[in-house]
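Descriptive analysis of the structure
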Amino acid sequence: MSLIQKLRHYYNRNGISALHFDCPHYHECKAGLKRFVKATEALIGNYYEETQPRLLIISADPGCASRRKANRHMLAMRRNCEYRPSGNQETHWYWTLRLALEILKPFNPFKEDVTEDNFEKIVNYFAHTNSAKCCQNKARRAQADDILFEKCRKFIPGEIEILQPDVILTQGDKARRVIEDNYEENLDIIPGMRKMRETRIIYIASRKVLWIHTYH
C-alpha cells in the first residue's frame, strides 16, 4: 500500500477526509461561521517518498481554502501546488518554499534542476500539513480560533507516523504544540546543542527524527 493510500485510509477512518468528511467536532468548531470550510488534506510532493532526508512541514491552519472539496484532497493539492507561483515575498508560502530549499539543498536529492531561479519546484520534495484541518476563511487569512487546533491536535501524530519524516519543521506556536503535547516524553537534546531550544530530537514509533521549530 502506498503512502498516499495509507493516509487516505487514515483520513477516512478519522472522519477528516476532504471527500468523506465526518468529523465529530464539526458543529462545535464551525459555531455558525458562514465561510467555514471542511478539512484540507496534506500536500505530498511527487518525490517525497523517495527523497532523503524526508522533510515534513507543519503549519497552523490553511488560512483560506476552496469550497470545492475536490480541490482539497491530496492529489488535487499536489496538482494545484506543483508549480504554483510563490508570489509576493511577504507571503507565508514563499518563505515556506525558501526554507524547504535551504534544508534540502545540501543533500541534493533532486531529480530535476532546482535552483534559486525556479525554487518553486522544491514543492515536489517535501510534505506539508496543517495543525488545524478545517478553515474559517477569516479576513486577511487571519489565524483560526483556538478550538480548531485543540480538536485537531490528536489527529496529527497519526499523519506523522504514516509520513515517516526524517526532519520535521514546525511553523508557529500552534504547530509547536502538536509536537510538545504528543511527544513530550520522547524529546531529547542534541549533544553539544543544549542551548538550541529550537532544534531537538524526537522519537516517533522508534524512529529518530530531527525537529526544527521556526516562527510562522
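See the structure printed just above.
None of the values given here were measured: they were computed from a predicted structure. (Residues numbered from 1 in each chain as written. Predicted model: local features only at pLDDT ≥ 70, side-chain atom pairs only at ≥ 80, totals over all residues. Heavy atoms only, no water.)

Concerning the overall build of the protein chain
So the rule is basically this: For the purposes of this entry, the term helix denotes a DSSP run of H or I that reaches at least four residues, the term strand denotes a run of E that reaches at least two, and both are numbered from the N terminus. Exposure categories follow from relative accessible area, calculated using a 1.4 Å probe and restricted to protein chains: below 20% of the type maximum is buried, above 50% is exposed, and the middle band is partly exposed. By definition in these notes, contact holds between two residues if any of their heavy atoms fall within 4.5 Å. The accessible surface values rely on the Shrake-Rupley method and a 1.4 Å probe; as for residues, cover is taken only from the protein chains in view.
Helices and strands together make up the secondary structure of the protein chain, namely seven helices and seven strands. Starting at the N terminus and walking to the C terminus, you meet the elements of the protein chain as α-α-β-β-α-α-β-α-α-β-α-β-β-β. Scored against the burial criterion, the 216 residues of the protein chain give a buried share of 50%. In the protein chain, the proportion of contacts linking residues at least 24 apart, taken out of those at least 6 apart, comes to 70%. With an accessible surface of roughly 11,300 Å², the protein chain has 48% of that area assigned to carbon and sulfur atoms.

Regarding the packing of aromatic side chains
Note the following rule: Any two of the Phe, Tyr and Trp rings considered here, Trp counted by its six-membered ring, make a pair once their centres fall within 6.5 Å; the pair's planes then place it as stacked at under 30 degrees, edge-to-face at over 60, or tilted in between. Criterion for a charge above a ring: Arg CZ or Lys NZ at most 6 Å from the ring centre, at most 35 degrees from the ring normal.
Applying the stated rule across the entire model yields eight aromatic pairs. Note on Tyr 94 and Trp 95: the rings are 4.9 Å apart at their centroids and 85 degrees apart in plane angle, and the pair reads as edge-to-face. For Tyr 94, a relative accessible area of 8% puts it in the buried group. Judged by its relative accessible area of 46%, Trp 95 is partly exposed. Aromatic ring contacts, followed pair by pair, group Phe 21, Tyr 26 and Phe 36 into a single cluster. Residue placement shows Lys 38 over the ring face of Tyr 26; its charged tip is 5.0 Å from the ring centre.

Some points on the pairing of strand β4 (residues 167–171)
Selection criterion: For two strands to pair, DSSP has to find at least two bridges joining them.
Of all five residues in β4, five are buried, a share of seventy percent or more. As paired strands, strand β2 (residues 55–59) and β4 are joined by four bridges and run parallel to one another. Its bridge partner lying in β4, Ile 58 is registered against Thr 170. Direction of pairing for β4 relative to strand β7 (residues 207–214): parallel, over a ladder of five bridges. Across the sheet, the residue bridging to Ile 168 is Trp 211, located in β7.

No statement about biological role is implied by the geometric values presented.
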